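As a plain string of letters, each chain reads:
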Amino acid sequence: AVVSTQSTGGSLDEDALSEMIQYAQDTQHEKILRGLSLGIAFVCYGQLEAADPTIDSLSKDKDSVLRMCGMYCVGMAYAGTGNNNAIRRLLHVAVSDVNDDVRRAAVISIGFLLFNAPEQCPNVVSLLAESYNSHVRYGAALALGISCAGSGMKEALTILEPMINDPVNYVRQGALLATAMILVQQNEHLCPKLKHFKDLFAKTMSDKHEDVMVKFGAILSQGIINAGGRNCTISMRSQYGHTNIPSVVGLLVFTHTWFWFPLSHFLCLAFQPTYLVGLNSDLNMPKMKFKSCARPSTYAYPPILEPPKEKEKEKVSTAILSTTAKKLAKGRATPMEVDEEKQDEKKKEEEKKKEEEKKKEEEKKKEEEKKKEEAEKKKDEA
């Protein structure tokens, strides 16, 4: 699939297509199927109506992965055109197919069709964002992120904000990713809600009780919003206004992070630098000055995150239980009285010892006197 796509990408090569579709129908390995579905979609890139026969045959296939491939083919064949018939086809599949993966792929593909007219996407996707099907909601979030990337569009953020609190974890992940894609290269002057969302990303990442899937989305979102040291944006158009093929391909593969998270690195293909580097003939940077009539806050970097300051621990007085207070109130001895009683007991013990010693001495004297009297009597008798 990879070899065929590299050599025939966007060519609609019949031999390559028939070989990949035949292999996809024969194999039972789901991972190979998914790889082939991406390859087939890339071969159909930019072919418009010429890709319709392939799309029709894939959309009617019994295998859900090949039907999903048909939806991606629509997104690639009509990328950036906003074709009404293609959008109508995707919307029909999004609400009628029995497989969740196919429905999700159909909604995501709407984002690829409308990236040249991002203001239309919120209107097309708004009802899908409220669908009972969580996969459709996830697709609606990513469609908004793809089509409105780097625009800071308020209408798109209004749809995504309630989805961040969705009861389903992967919908929340998609909403976080889409929000970051829309807010990339924005600041608080251009988008006042930027600080709120950045704080939300940081809070979600540090929350111990948050689900791992949502945390992963928050971590990726933090990286997207600060992409390239805040000097990159996500765009599927070149600086001359033409569709940038690597960006479209990178974003499509990025959507497959759903199946395998290392594919998230493909988002880098969609990053476009927004900085200007000037060099002289010796490849040294000359000193240059530019006059800007805009306020500094218009192009200012967002403030750097500061680590939380540690609060000084205040000494807390020892708590007195209510039971001890009641005992003291009843007339029990206080700590001072207990000490006085102990001292009195010691004195009494010492006095007793002294009296006992005196008695012993008196008894000894009496015994000695008796012995003397007995000795004198014996002398007189003798």
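Residues numbered from 1 in each chain as written. Predicted model: local features only at pLDDT ≥ 70, side-chain atom pairs only at ≥ 80, totals over all residues. Heavy atoms only, no water.

### Describing the overall build of the protein chain
And step 1. Scanning the protein chain for helices and strands turns up 17 helices and two strands.
And step 2. Per-residue burial over the protein chain gives 41% buried out of 382 residues.
And step 3. Summing over all exposed atoms, the protein chain offers an accessible surface of approximately 24,600 Å²; the carbon and sulfur share of this is 53%. (Helix = DSSP H or I, 4+ residues; strand = E, 2+ residues; numbered from the N terminus. Buried < 20%, exposed > 50% of the residue type's maximum accessible area, 1.4 Å probe, protein only. Areas by Shrake-Rupley, 256 points an atom, 1.4 Å probe, with all protein chains shown as cover.)

### Re the pattern of salt bridges
And step 1. All chains considered together, the criterion is met by eight salt bridges.
And step 2. Between Asp-101 and Arg-104 there is a salt bridge whose closest N-O contact spans 2.9 Å. On the criterion of helical spacing, the pair formed by Asp-101 and Arg-104 is a turn pair, its members being three residues apart in helix H7 (residues 100–113).
And step 3. The buried category is assigned to Arg-104, whose relative accessible area is 2%. (Salt bridge = Lys/Arg side-chain N within 4 Å of Asp/Glu carboxyl O.)

### Focus: the nonpolar core
And step 1. Of all hydrophobic cores here, the largest spans 95 residues; its most connected members are Phe-112, Ile-234 and Leu-251.
And step 2. Every residue in contact with Phe-112, bar those within four places of it in the chain, is listed here: Gly-75, Met-76, Ala-79, Gly-80, Ile-146, Met-236, Val-248, Leu-251 and Leu-252. (Core = buried A, V, L, I, M, F, W, Y, C linked by side-chain atoms within 4.5 Å. Contact = heavy atoms within 4.5 Å.)

### As for a nonpolar patch on the surface
And step 1. On the surface, a nonpolar cluster with roughly 580 Å² of combined accessible area is contributed by Tyr-275, Val-277, Leu-279, Leu-283 and Met-285.
And step 2. The residue Leu-279 is located in the loop between strand S2 (271–273) and helix H16 (322–329) in this model. (Patch = residues over 30% accessible without salt bridge, like charges linked within 9 Å, V, L, I, M, F, W, Y side chains within 5 Å.)

### Concerning the environment of Ser-238
And step 1. In this structure, Ser-238 sits in the loop between strand S1 (232–234) and helix H15 (245–255).
And step 2. As for Ser-238 and Gln-272, which are separated by 34 residues in sequence, their C-alpha atoms are 8.2 Å apart.

### A closer look at the layout of surface pockets
And step 1. By volume, the largest pocket is sized at about 410 Å³.
And step 2. By residue class, the composition of the lining of the largest pocket is ten nonpolar, seven polar and two charged. (1 Å grid on protein atoms, 1.4 Å probe; cavity = no way out; pocket = protein on both sides within 12 Å on 5 of 7 lines; lining within 4 Å. Points joined across faces, edges and corners; volume = space filled by probe spheres on them. Nonpolar A, V, L, I, M, F, W, Y, C, P; charged D, E, K, R; others polar.)

### Brief notes about the side chain of Asn-244
And step 1. As for its position among the elements, Asn-244 is in the loop between S1 and H15.
And step 2. Under the relative-accessibility criterion, Asn-244 is labelled buried at 18%.
And step 3. Filtering out sequence-adjacent residues up to four positions away, Asn-244 remains in contact with Met-236, Arg-237, Ser-238 and Gln-272.

### A few points about helix H5 (residues 64–77)
And step 1. With 14 residues, H5 ought to run about 20 Å at 1.5 Å a step, and its terminal C-alpha atoms sit 20 Å apart, in line with that.
And step 2. With a side-chain oxygen positioned 3.0 Å from the backbone nitrogen of Val-65, the residue opening H5 is Asp-63. (Expected span 1.5 Å × (residues − 1). Polar contact = N/O pair within 3.5 Å; in protein donor to acceptor, adjacent residues only side chain to side chain.)

### A word on the packing of helix H11 (residues 169–183) against helix H12 (residues 194–206)
And step 1. Two numbers describe how H11 lies on H12: the axes approach to 11 Å, and their chain directions differ by 140°. One way to sum up the angle between H11 and H12 is to call them oblique. In terms of crossing hand, the pair formed by H11 and H12 is left-handed. Each of Leu-176, Thr-179, Ala-180 and Leu-183 in H11 lies in contact with H12, whose residues at this interface are Leu-194, Phe-197, Leu-200 and Phe-201. (Axes fitted to C-alpha atoms, helices over the stretch in contact; angles between N-to-C directions. Parallel < 35°, antiparallel > 145°, perpendicular 65-115°, else oblique. Left-handed = near helix turned anticlockwise from the far one by under 90°.)

### Digging into unusual backbone geometry
And step 1. A positive phi angle, near 65°, is found at Gln-185, a position not held by glycine.
And step 2. Its location among the elements puts Gln-185 in the loop between H11 and H12.
And step 3. The phi dihedral of Leu-283 is positive, around 60°, even though this residue is not glycine.
And step 4. Along the chain, the position of Leu-283 falls in the loop between S2 and H16.

### Focus: the side chain of Ser-235
And step 1. Assignment of secondary structure puts Ser-235 in the loop between S1 and H15.
And step 2. Separated by 3.1 Å, the side chain of Ser-235 and the backbone oxygen of Arg-237 make a polar contact.
And step 3. Not counting residues up to four positions away in its chain, the partners in contact with Ser-235 are Ser-247, Ala-270 and Gln-272.

### Observations concerning the packing of aromatic side chains
And step 1. For the coordinates displayed, the defined rule picks out four aromatic pairs.
And step 2. Summarising the aromatic geometry, the rings of Phe-216 and Phe-261 are spaced 6.2 Å apart at their centres and angled 80° between planes, so their arrangement reads as edge-to-face. Highlighted residues: Phe-216 in helix H13 (residues 212–225) and Phe-261 in the loop between H15 and S2, separated in sequence by 45 residues.
And step 3. Given a relative accessible area of 27%, Phe-216 falls into the partly exposed group.
And step 4. Grouping aromatic residues by their ring pairs yields a cluster made of Tyr-138, Tyr-170 and Trp-258.
And step 5. Residue placement shows Arg-34 over the ring face of Phe-259; its charged tip is 3.8 Å from the ring centre.
And step 6. Lying across the ring of Trp-258, Arg-104 places its NZ or CZ 3.9 Å from the centre. (Phe/Tyr/Trp six-rings, centres within 6.5 Å; stacked < 30°, edge-to-face > 60°. Lys NZ or Arg CZ within 6 Å of the ring centre and 35° of its normal.)

### Observations concerning the packing of helix H4 (residues 52–59) against H5
And step 1. Axis separation between H4 and H5 bottoms out at 7 Å; the angle between their running directions is 155°. Relative to H5, H4 is oriented roughly antiparallel. Pair H4 / H5 crosses with left-handed handedness. The segment H4 lies against H5, with Ile-55, Leu-58 and Ser-59 engaging Leu-66, Arg-67, Cys-69, Gly-70, Met-71, Cys-73, Val-74 and Ala-77.

### What to know about helix H3 (residues 30–43)
And step 1. Given a rise of 1.5 Å per residue, 14 residues ought to cover 20 Å, and the 20 Å separating the end C-alpha atoms of H3 matches this to within 8%.
And step 2. For H3, the buried fraction is high: ten of the 14 residues fall into the buried class.
And step 3. Looking at H3, one finds that the buried residues are Leu-33, Arg-34, Leu-36, Ser-37, Leu-38, Gly-39, Ile-40, Ala-41, Phe-42 and Val-43.

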